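# Inside the fold
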Amino acid sequence: EGRSLERACLRAERGGPSEWIQLLPRLTAHVDQNPRDAQAWALLARARAAQPNEKEALRAAAEATRLDPNVHLGHSLSVLVARSSFESGRLDAASRAAESALASQPGDLKALELLVRALAARGLLDKSEATLAVVAQSHGSARAAALAWRVADDKSR
């Protein structure tokens with residue numbers, strides 16, 4: 001089942017959300033039989049995100065990272081985890097997830113924005129400013145200025 005499931009996940013990567021949704025029953029069964037398999041939990045999270053079932057995707061991603069903090073979640077799921085972590089005040093987790101998203105898609109604006117905001121909220125202003133400079137360089141000064149205003153707004157709350 002392991003190799004077959006792995007091939008099915010690769011097909012789902014290429015095929016998109018409908019492929020992930022079709023794979024959901026197999027992934028759920030695999031996780032039920034192998035509850036300590038962090039990668040299987042990460043794949044289940046990706047399938048849940050394709051439904052879209054954000055709450056269940058985040059739950060499965062949390063279990064995957066609990067089992068293995070270095071498990072690969074993929075870009076979209078890492079952005080989702082970063083946003084959710086930021087919104088719930090888990091700023092270290094938000095930073096890690098945003099950095100993970102950027103590792104797979106450098107320059108991604110959503111991940112950069114979340115990273116800037118999380119770093120600033122953690123008081124890591126030098127790192128936040130350096131990341132803001134990357135936003136300005138790759139996405140323009142207007143985008144960076146808008147993000148700087150958003151960070152200031154975050155700080156005033």
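Going by the structure above, here's the rest.
The following refers to the structure shown.

## Quick notes on the packing of helix H4 (residues 54-67) against helix H5 (residues 75-87)
- H5 packs onto H4 with a crossing angle of 95° between their chain directions and a minimal axis gap of 10 Å. The angle between the axes of H4 and H5 places the two elements in the roughly perpendicular class. On the side of H4, the interface is formed by Glu-54, Ala-57, Leu-58 and Ala-61, while H5 contributes Leu-77, Leu-80, Val-81, Arg-83 and Ser-84.
- Of the residues belonging to the contact of H4 with H5, the class tally is six nonpolar, one polar and two charged.

## Structural notes on the nonpolar core
- Counting 51 residues, the largest nonpolar core has Trp-20, Leu-23, Leu-27, Leu-44, Leu-73, Leu-77 and Val-135 as the members making the most contacts within it.
- Residues in contact with Leu-73, not counting those within four places in the same chain, are Ala-42, Arg-46, Ala-61, Ala-64, Thr-65, Ser-78 and Val-81.

## Quick look at the packing of helix H7 (residues 109-121) against helix H9 (residues 141-156)
- The contact between H7 and H9 brings their axes to 10 Å, and the two run at 35°. With respect to the hand of their crossing, H7 and H9 are arranged in right-handed fashion. Across the interface between the two elements, Leu-109, Glu-113, Val-116, Arg-117, Ala-120 and Ala-121 of H7 pack against Arg-143, Leu-147, Arg-150, Val-151, Asp-154 and Lys-155 of H9.
- Residue composition of the contact of H7 with H9, by class: six nonpolar, no polar and six charged.

Calculation criteria
- Residues numbered from 1 in each chain as written.
- Predicted model: local features only at pLDDT ≥ 70, side-chain atom pairs only at ≥ 80, totals over all residues.
- Heavy atoms only, no water.
- Axes fitted to C-alpha atoms, helices over the stretch in contact; angles between N-to-C directions.
- Helix = DSSP H or I, 4+ residues; strand = E, 2+ residues; numbered from the N terminus.
- Parallel < 35°, antiparallel > 145°, perpendicular 65-115°, else oblique.
- Contact = heavy atoms within 4.5 Å.
- Nonpolar A, V, L, I, M, F, W, Y, C, P; charged D, E, K, R; others polar.
- Core = buried A, V, L, I, M, F, W, Y, C linked by side-chain atoms within 4.5 Å.
- Buried < 20%, exposed > 50% of the residue type's maximum accessible area, 1.4 Å probe, protein only.
- Left-handed = near helix turned anticlockwise from the far one by under 90°.

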